[in-house]
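What the coordinates show
So you can see what is in the structure, the chains are spelled out below.
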Amino acid sequence: MSKEDAPMPLSTPAPRPIINVLVVEDSPVARELLVHILNADPGMRVVCTVSDGDEAVAAVARCRPDIVAMDANMPKMNGFEATRLIMESNPVPIVIITASSNIGEVEVSFRALQAGALTLMQKPQGIGHPDHEAQVKNLIKTMKLMAEVKVVRRWPRRREEEAVGQARELPAPVTPGNIQIVAIGASTGGPPVVQAILSGLPKNFPVAVLVVQHMASGFIEGFTEWLRRTTALHVKVAADGDEILPGRVYIAPDNAQMKANGRGRLACTGDAPENGLRPSVSCLFRSVAEVFGKNAAGVLLTGMGKDGAEALKLMKDKGALTIAQNEESSIVFGMPGEAVRLGAAQYVLPPGEITAMLAELGNAKG
């Protein structure tokens, strides 16, 4: 065989770099479990462990991790304060990992998300627990995905409304009709954006708002309570059969598909997951498109994957007003990016301008 006839050697893909992790956890038992879980994956390596938020700020500067796994409730300095200081000094992807579903303690976790942490997860149960393997798999997958997110510095003393984008004067909505309902879908990075949008709406906002926020099981009640405390609107976890009332915000419950039905009520059902998710944004948007048609607005916010994108296109085709969050303000431009690619969004805006447009729709209705 001549040199010319010899088969070309197959190239092998370059190995992915090891992800270096800082673990911040005050419980020695929980810290040891997290270290064991993360080090057991060949793609991850724990390079430093500390026991409180104050130490975490120093450790990020010293160890230069690719990602931080941080407890929310710790002595000396909690996860919110530590996240705020880290994002102001040495920004790095941060995943909040907590065992508590206590509403007061969970609020610290959501404030950490507001300060720049990427997502919130439950601490895995111990070895031998029936949920251990599934929780470990989900944790590893999430940590690897979040390590790839490009985070930016949060400037000290920056006003929260500036952090989500100031509204500028907007053109009139392309669908200025009688909007009766707003449907919002969000995933990774969504909680602080949902909070920013809702907190910018007036107490007398005359339209019902339905929200699907992808979130680890057990945190929806805490998320809802945080929204109650930080917005002027009436916010509740949706229940099957709830009447859809103007000025109310309904949050999809854990492990249920939330849909609008033709009788002015909500259905929260055990229907199969869509896009691997329950609740699914697609399920909500599709029901709103069918029931409310042109009298609806759909908003698709930051998040991984494509849940809600095709259904937002259906809403647009039915005459609804459709909005996607812009890439610059999204933690992950997956869901809104897919909507933009499909031509599903009439507007692509930062959160401040989404709020302004929804408020203007409310004013027009009033």
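The structure this text deals with has already been given above.
So, here's what we can say about the structure. (Residues numbered from 1 in each chain as written. Predicted model: local features only at pLDDT ≥ 70, side-chain atom pairs only at ≥ 80, totals over all residues. Heavy atoms only, no water.)

**Considering the packing of helix α2 (residues 53–63) against helix α3 (residues 79–89)**
- As a packed pair, α2 and α3 sit with axes 8 Å apart at the nearest point and diverge in direction by 20 degrees. In terms of their interaxial angle, α2 and α3 are classed as roughly parallel. As α2 runs across α3, the sense of the crossing is right-handed. Between α2 and α3, the residues in contact are G53, A56, V57 and V60 and A82, L85 and I86, respectively.
- For the contact of α2 with α3, the class distribution of residues is 6 nonpolar, 1 polar and no charged. (Axes fitted to C-alpha atoms, helices over the stretch in contact; angles between N-to-C directions. Helix = DSSP H or I, 4+ residues; strand = E, 2+ residues; numbered from the N terminus. Parallel < 35°, antiparallel > 145°, perpendicular 65-115°, else oblique. Left-handed = near helix turned anticlockwise from the far one by under 90°. Contact = heavy atoms within 4.5 Å. Nonpolar A, V, L, I, M, F, W, Y, C, P; charged D, E, K, R; others polar.)

**Some thoughts on the sheet that holds strand β6 (residues 181–186)**
- Pairing is parallel across the open sheet formed by 7 strands, whose spatial order is β8-β9-β7-β6-β12-β13-β14. Strand pairing shows two members of the sheet lacking a second neighbour, β8 (234–237) and β14 (347–349), which therefore form its edges. Each adjacent strand pair in this sheet contributes to an overall mean axis angle of 20 degrees, direction not counted.
- Packing of helix α9 (residues 281–292) onto the sheet brings it into contact with β6, β7 (208–213) and β12 (296–300), and relative to β6 it is tilted by some 165 degrees.
- Seen against the sheet, helix α10 (residues 309–317) touches β12 and β13 (321–325) and runs at an angle of roughly 155 degrees to β12. (Pairing = 2+ DSSP bridges.)

**A few points about the sheet that holds strand β2 (residues 44–50)**
- With parallel pairing, 5 strands are arranged side by side in an open sheet as β2-β1-β3-β4-β5. For this open sheet the edge positions go to β2 and β5 (119–122), each flanked by a neighbour on one side alone. Between one strand axis and the next, the sheet turns through 25 degrees on average, direction left out of account.
- Alignment of strand β4 (residues 94–98) against β5, held across 4 bridges, turns out to be parallel. The residue of β5 that forms the bridge with I97 is M121.
- Together, β1 (19–24), β2 and β4 form the strand contacts of helix α1 (residues 28–39), whose direction differs from that of β2 by roughly 160 degrees.

**A closer look at the layout of surface pockets**
- A volume near 1200 Å³ is recorded for the largest pocket.
- When residues of the lining of the largest pocket are assigned to their parent elements, the largest contribution, 8 residues, is made by helix α5 (residues 132–147).
- Tallied by class, the residues present in the lining of the largest pocket amount to 19 nonpolar, 15 polar and 7 charged. (1 Å grid on protein atoms, 1.4 Å probe; cavity = no way out; pocket = protein on both sides within 12 Å on 5 of 7 lines; lining within 4 Å. Points joined across faces, edges and corners; volume = space filled by probe spheres on them.)

**A few points about the pattern of salt bridges**
- With the rule as written, the count across this model stands at 15 salt bridges.
- E25 is the salt-bridge partner of K123, the closest N and O atoms lying 2.6 Å from each other. Taken as a pair, K123 in the loop between β5 and α5 and E25 in the loop between β1 and α1 lie far apart in primary sequence, 98 residues in all.
- For K123, a relative accessible area of 17% corresponds to the buried category. (Salt bridge = Lys/Arg side-chain N within 4 Å of Asp/Glu carboxyl O. Buried < 20%, exposed > 50% of the residue type's maximum accessible area, 1.4 Å probe, protein only.)

**Comments concerning the packing of aromatic side chains**
- Using the criterion set out here, one finds 3 aromatic pairs in the structure.
- Ring centres 5.4 Å apart and planes at 40 degrees place the aromatic pair F110 and F223 in the tilted group. One end of the pair, F110, is in helix α4 (residues 103–115); the other, F223, is in helix α8 (residues 220–230), with 113 residues separating them in the sequence.
- With 6.3 Å between their ring centres and 40 degrees between their planes, F223 and W226 make a pair best called tilted. Linking F223 with W226, this pair stays in helix α8, spanning 3 residues, or about one helical turn. The burial state of F223 is the same as that of W226; both residues are buried.
- An aromatic cluster is defined as three or more aromatic residues linked by ring pairs; in this entry it consists of F110, F223 and W226.
- The lysine or arginine in question, R111, covers the ring of F80, its NZ or CZ lying 4.0 Å from the ring centre. (Phe/Tyr/Trp six-rings, centres within 6.5 Å; stacked < 30°, edge-to-face > 60°. Lys NZ or Arg CZ within 6 Å of the ring centre and 35° of its normal.)

**Some details on the packing of α9 against α10**
- Put simply, α9 and α10 touch, their axes get as near as 8 Å, and they point 10 degrees apart. Taken as axis vectors, α9 and α10 run roughly parallel relative to one another. Taking contact as the criterion, the partners of S282, F285, R286, V288, A289 and E290 in α9 are, on α10, A311, L312, L314 and M315.
- Tallied by class, residues from the contact of α9 with α10 come to 7 nonpolar, 1 polar and 2 charged.

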